[in-house]
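As a plain string of letters, each chain reads:
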Amino acid sequence: MKKEVIINISGLQLDVSSEEPIELMTTGNYYLKNGKHYIMYDELTDDSQIVKNRLKISPKIVEVTKKGASSSHMVFERGKENLTYYDTPFGSLLLGINTSKIDLEETEDKMALHIDYGLSINSDHVSDCSIDVSIASKNTENQDSADCAK
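Definitions and limits used
- Residues numbered from 1 in each chain as written.
- Predicted model: local features only at pLDDT ≥ 70, side-chain atom pairs only at ≥ 80, totals over all residues.
- Heavy atoms only, no water.
- Helix = DSSP H or I, 4+ residues; strand = E, 2+ residues; numbered from the N terminus.
- Buried < 20%, exposed > 50% of the residue type's maximum accessible area, 1.4 Å probe, protein only.
- Areas by Shrake-Rupley, 256 points an atom, 1.4 Å probe, with all protein chains shown as cover.
- Pairing = 2+ DSSP bridges.
- Axes fitted to C-alpha atoms, helices over the stretch in contact; angles between N-to-C directions.
- Contact = heavy atoms within 4.5 Å.
- Polar contact = N/O pair within 3.5 Å; in protein donor to acceptor, adjacent residues only side chain to side chain.
- pLDDT = per-residue confidence, 0-100.

1. Observations concerning the overall build of the chain
Thought 1: The number of helices and strands found in the chain is one helix and 10 strands.
Thought 2: Secondary structure elements in the chain, listed N-terminal to C-terminal, are β-β-β-β-β-β-β-β-β-β-α.
Thought 3: For the chain, with 150 residues in total, the buried portion stands at 35%.
Thought 4: With the model as given, the accessible surface of the chain reaches about 9200 Å², and the carbon-plus-sulfur share is 49%.

The following block contains the structure:
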């Protein structure tokens, strides 16, 4: 995969009143180190503050690190509950992440990740969630479009 990537993230909380997915499409950087995939990208909050994100992906463990207006280090590991603090400008919340499924598919220029997990806040189960992340080399997206135009 090339260094510059296009990232599509879609998340869904199943036990809440509105089951609309949260979606983000952005660009970022990718590298492979010691068999682990790293994806870095910036996210803009509603009040125009930047949150720096890092995904560290391996077949059995996925880590999401956020630094900025909201900060956290979430660990998704199948069959385990991992606890972390989610720091916001309004205070900290204790998150419990109980991962039931991690699927990772890789090709030369693309990667697809799917995670199912339960989310608790301050020891109370809030919802069952899923997240889908697709990462593609920036030039691959352009090449696919060019191939379709032929």
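2. A short note on the sheet that holds strand E7 (residues 81-88)
Sheets are built from strands paired through backbone hydrogen bonds, the pairs being either parallel or antiparallel.
Thought 1: Sheet architecture is open: 10 strands sit in the order E6-E5-E4-E3-E2-E1-E10-E9-E8-E7, paired in antiparallel fashion. For this open sheet the edge positions go to strand E6 (72-77) and E7, each flanked by a neighbour on one side alone. In this sheet, neighbouring strand axes are inclined to one another by 30 degrees on average, regardless of whether the strands run parallel or antiparallel.
Thought 2: The pairing of strand E8 (residues 91-106) with strand E9 (residues 110-121) spans 11 bridges and is classified as antiparallel. If you follow Lys 101 over to E9, its bridge partner there is Asp 116.

3. As for the environment of Gln 49
Thought 1: Structurally, the position occupied by Gln 49 is in the loop between strand E3 (36-44) and strand E4 (50-57).
Thought 2: Assessed through its relative accessible area of 36%, Gln 49 is described here as partly exposed.
Thought 3: For the pair Gln 49 and Ala 69, spaced 20 residues apart in the sequence, the C-alpha separation amounts to 6.5 Å.
Thought 4: Excluding residues within four positions of it along the chain, Gln 49 makes contact with Glu 43, Leu 44 and Ala 69.
Thought 5: A distance of 3.2 Å separates polar atoms of two side chains, one belonging to Gln 49 and the other to Asp 47.

4. Quick look at the side chain of His 114
Thought 1: Structurally, the position occupied by His 114 is in strand E9.
Thought 2: A polar atom in the side chain of His 114 sits 2.8 Å from the side chain of Asp 116.
Thought 3: Within the local environment of His 114, its side chain forms a polar contact with the side chain of Asp 132, the two groups lying 2.6 Å apart.
Thought 4: The residues contacting His 114, other than those within four sequence positions of it, are Lys 101, Ile 102, Asp 103, Ser 130, Ile 131 and Asp 132.

5. Structural notes on the confidence of the model for the chain
Thought 1: Summarising the model, the chain shows a mean pLDDT of 88, and 89% of its residues fall at 70 or more.
Thought 2: Counting contacts from residues 141-150, a segment whose pLDDT is below 50, to residues more than four positions away or on other chains yields three contacts.

6. Re the pairing of strand E2 (residues 22-33)
Thought 1: Examined bridge by bridge, strand E1 (residues 4-13) and E2 share eight bridges and lie antiparallel to one another. Each residue of the ladder has a partner; that of Ile 7, found in E2, is Thr 26.
Thought 2: The pairing of E2 with E3 spans five bridges and is antiparallel. Bridging across to E3, Tyr 30 finds its partner in Ile 39.
Thought 3: Following E2, the chain reverses through two residues before pairing antiparallel with E3; Asn 34 in that reversal takes a positive phi of roughly 50 degrees.

7. As for unusual backbone geometry
Thought 1: For Ser 48, which is not glycine, the phi torsion reads 60 degrees and is therefore positive.
Thought 2: By secondary structure assignment, the location of Ser 48 is in the loop between E3 and E4.
Thought 3: On the basis of relative accessibility, which here comes to 56%, the residue Ser 48 falls in the exposed class.

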